[in-house]
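# Survey of secondary and tertiary structure
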Amino acid sequence: MGAQILTASQANLAIAAEALRRGALVAMPTETVYGLAGVAFNENAVAAIFAAKERPTFDPLICHIPRVASAWLNHLAEQGLVDISQLSDVAQQNVERLAKAFWPGPLTLVLPRQAGVPDLVTSGLPTVGVRCPRHEVAQQLLLEVGLPLAAPSANRFGRISPTAAAHVDAELGDRIPYILDGGDCEIGIESTVLLVEPSSRLVLLRPGAITAEQIERVTGCKPVTASGKAETSTPLPAPGMLASHYAPRKPLHLFARRVAALDDAERAAWRSTTAGRRIGILLMAGITDIANLPHTVAIPLSATGDVAEAARRLFARLRELDERDDVDEIWAELHPDAHGLAHAINDRLTKASHPQP
Ligand code: TXA
Ligand code: MG
């Protein structure tokens, strides 16, 4: 028996909310990717999330909360999630500013947790990840349930994140009762994850649609990146930073440069490297003559090189190439811009190109 895919009518939202309150799991749309939701304070539901995803329990979950008009810091405390007393005045001010500027939206804040948050949610860390998503269906569901929802991306661990209800069905349809259909995700790449340390330092744990520059503009603090390990005091790096993630089943390789910029010798070398295999190519912009090669299909993520469009389509097109019978191996260009959403696209592609452990 497979999952029921529900349109987001009032009646269906009530069914989904009731299922969640009973401890069942529901896949919900967000503006970034689809999430696999369960009530964060229900340990059985949280355990079921890890089981359905086959996710190791050292990888903590993000808790989703409904929007408020103001006073976000109090809201985080009242939801039973964040212990704001552990934050310095500056850190508290930064949280309030970040929430005001970017919530509801694609930013996850990692903050000191309250004792009542189940250890399974936080993987035993002293912090909890919190996000207020801006997808209207997620908001309505959160309001209807009235409790924070833990929700990782609704894919099997290490695989391609789902940006449509059908993707969730392909990943987890045999394991969960309901998928709420909210259409294609508007952003297409998971939220930016930012650790706010009690002292006030900001550490960017995962790049996303909210950029380091935007965060600096709002707080006056330049986030450090977690890759310079010595610079961070997080007990564990965010497991989104594991080398292999977001991966297709077929081998994925990255071009060293833009395909359009490869010279004749480089093209010839690429052709001999890939000889005998049928290749699917993800391009960041336009289409190049490489698409005319035999045994090659090329998919531009954006005809015009629009970075938001490329992000929105990235996981769906990767999934499409992974599923096509006429493709043995996938090659992708990195985005030529190294900032913002382009940086996030390149982060996901680089991780997806690492072989599975
Ligand atoms: O856009 C998103 O964030 C989506 C939607 C559904 O909200 N969710 C998502 O969840 O991408 P997930 O579990 O696939 O990725 C969450 C990331 C993981 O890399 C996790 O390690 C990190 O956030 N994270 C969560 N809590 C953390 C914590 N307390 N400390 C450090 N990293 C944390
Ligand atoms: Mg994920």
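Whatever comes next refers back to the structure up there.
Described in the following lines is the structure provided in the data block.

The rules behind these values
- Residues numbered from 1 in each chain as written.
- Chains lettered and ligands numbered in written order.
- Predicted model: local features only at pLDDT ≥ 70, side-chain atom pairs only at ≥ 80, totals over all residues.
- Heavy atoms only, no water.
- Helix = DSSP H or I, 4+ residues; strand = E, 2+ residues; numbered from the N terminus.
- Rg over C-alpha atoms; globule rule 2.2 N^0.38 Å.
- Buried < 20%, exposed > 50% of the residue type's maximum accessible area, 1.4 Å probe, protein only.
- Contact = heavy atoms within 4.5 Å.
- Areas by Shrake-Rupley, 256 points an atom, 1.4 Å probe, with all protein chains shown as cover.
- Lys, Arg positive; Asp, Glu negative; His and termini not counted.
- Charge placed at Lys NZ, Arg CZ, Asp CG, Glu CD.
- Expected span 1.5 Å × (residues − 1).
- Arc of directions from axis to C-beta.
- Pairing = 2+ DSSP bridges.
- Axes fitted to C-alpha atoms, helices over the stretch in contact; angles between N-to-C directions.
- Salt bridge = Lys/Arg side-chain N within 4 Å of Asp/Glu carboxyl O.
- Core = buried A, V, L, I, M, F, W, Y, C linked by side-chain atoms within 4.5 Å.
- Parallel < 35°, antiparallel > 145°, perpendicular 65-115°, else oblique.
- Left-handed = near helix turned anticlockwise from the far one by under 90°.
- Nonpolar A, V, L, I, M, F, W, Y, C, P; charged D, E, K, R; others polar.

Scanning the chain from terminus to terminus reveals eleven helices and 15 strands. Its C-alpha radius of gyration of 21 Å places the chain within 12% of the 21 Å reference for a compact globule of 357 residues. Projected onto its principal axes, the C-alpha coordinates of the chain cover approximately 60 × 50 × 35 Å. Counting all 357 residues of the chain, 55% fall into the buried class. Within the chain, residue pairs in contact and separated by at least 24 positions form 68% of the contacts whose partners lie at least 6 positions apart. Carbon and sulfur atoms form 53% of the exposed surface of the chain, whose accessible area is close to 14,300 Å². Each charge sign in the chain was given a centre, from 33 positive and 39 negative side chains, and these centres are 1 Å apart.

What follows concerns the environment of proline 56. Relative to the helices and strands, proline 56 is located in the loop between helix H2 (43-53) and strand E4 (62-64). Between the alpha carbons of proline 56 and leucine 147 there is a distance of 24 Å; along the sequence they are 91 residues apart. Ignoring sequence-local partners within four residues, the contact set of proline 56 consists of Phe50 and Phe157.

Helix length check: helix H1 (residues 10-21), at twelve residues, gives a terminal C-alpha distance of 16 Å against a target of 16 Å (1.5 Å per residue), a fit within 8%. Taken residue by residue, H1 has Asn12, Leu13, Ala16, Ala17, Ala19 and Leu20 as its buried positions. Buried residues of H1, seen end-on, are gathered within an arc of 160° and therefore sit on one face of the element. Facing away from the buried side of H1, by more than 90 degrees, are the exposed residues Gln10 and Ala11.

Another aspect to go through is the sheet that holds strand E5 (residues 107-112). In spatial order, the strands read E1-E8-E2-E3-E7-E4-E6-E5-E9-E10-E11; together these eleven strands make up an open sheet with mixed pairing. Each having just a single partner strand, strand E1 (4-7) and strand E11 (224-225) make up the two edges of the open sheet. Where strand E9 (residues 192-196) meets strand E10 (residues 202-206), four bridges bridge the pair, whose relative direction is antiparallel. Across the sheet, the residue bridging to valine 196 is leucine 202, located in E10. Lying over the sheet, helix H7 (residues 165-172) contacts E1, strand E2 (26-28), strand E3 (35-39) and strand E8 (178-181), oriented at roughly 165° with respect to E8.

Time to look at the pairing of E9. Side-chain positions along a regular strand alternate between the two faces of the sheet. Among the five residues in E9, five count as buried, and that is most of the element. Burial along E9 is two-sided: the residues Thr192, Leu194 and Val196 and Val193 and Leu195 are all buried. Sheet analysis places E5 next to E9, joined by four bridges and oriented parallel. Bridge pairing in E9 places leucine 109 opposite leucine 194. From the end of E9 to the start of E10, which pair antiparallel, there are five residues, and serine 200 there has a positive phi angle of about 135°.

Before going further, it helps to spend a moment on the pattern of salt bridges. Applying the stated criterion across every chain, the model contains 23 salt bridges. Here aspartate 326 makes a salt bridge to arginine 324, at a shortest N to O gap of 2.9 Å. For aspartate 347, the salt bridge goes to lysine 351, with nearest N and O atoms at 2.7 Å. Taken as a pair, aspartate 347 and lysine 351 lie in helix H11 (residues 340-352) at a separation of four residues, close to a single helical turn. If you follow the salt bridges from partner to partner, you end up with Glu54, Arg156, Asp174 and Arg175 in one network.

One finds Trp103, Leu107, Leu109, Ile176, Leu194 and Val196 to be the most contacted residues of the largest nonpolar core, which totals 49 residues. For this core, the secondary-structure elements that each account for two or more residues are H2, helix H3 (72-78), helix H4 (89-102), E5, strand E6 (127-131), H7, E9 and E10. Look past the residues within four positions of leucine 107 in its chain and what remains in contact with it is Leu98, Phe102, Val130, Arg131, Ser191, Thr192, Leu194, Ile210 and Ile215. In this structure, Ala310, Leu314, Phe315 and Leu321 belong to the second largest nonpolar core, which totals 23 residues.

Contact geometry of H1 with helix H6 (residues 136-145) gives a least axis separation of 9 Å together with a crossing angle of 55°. The orientation of H1 relative to H6 falls into the category oblique. Our pair here, H1 against H6, has a crossing hand that is right-handed. Judged by residue contacts, Gln10, Leu13, Ala14, Ala16, Ala17, Leu20 and Arg21 of H1 engage Val137, Gln140, Leu141, Glu144 and Val145 from H6.

Bringing H11 into the picture now. Note: α-helices contain 3.6 residues per turn, so residues at a spacing of three or four share the same orientation. In a regular helix each residue adds 1.5 Å, so 13 residues correspond to 18 Å; H11 covers 19 Å between its end C-alpha atoms and thus fits that length. Of all 13 residues making up H11, eleven are buried, and the element is well covered by its neighbours. In this structure, the buried side of H11 is in contact with E10, strand E12 (252-254), helix H10 (307-323) and strand E15 (329-332).

The next point concerns the packing of H4 against helix H8 (residues 212-219). At a minimum axis distance of 9 Å, the contact between H4 and H8 shows a crossing angle of 120°. As the angle between them shows, H4 and H8 are arranged oblique. You can see that H4 and H8 cross each other, and the crossing is right-handed. Along its contact with H4, which presents Asn94, Arg97, Leu98, Ala101 and Phe102, the element H8 presents Gln214, Ile215, Val218 and Thr219. Taken together, the residues of the contact of H4 with H8 sort by class into five nonpolar, three polar and one charged.

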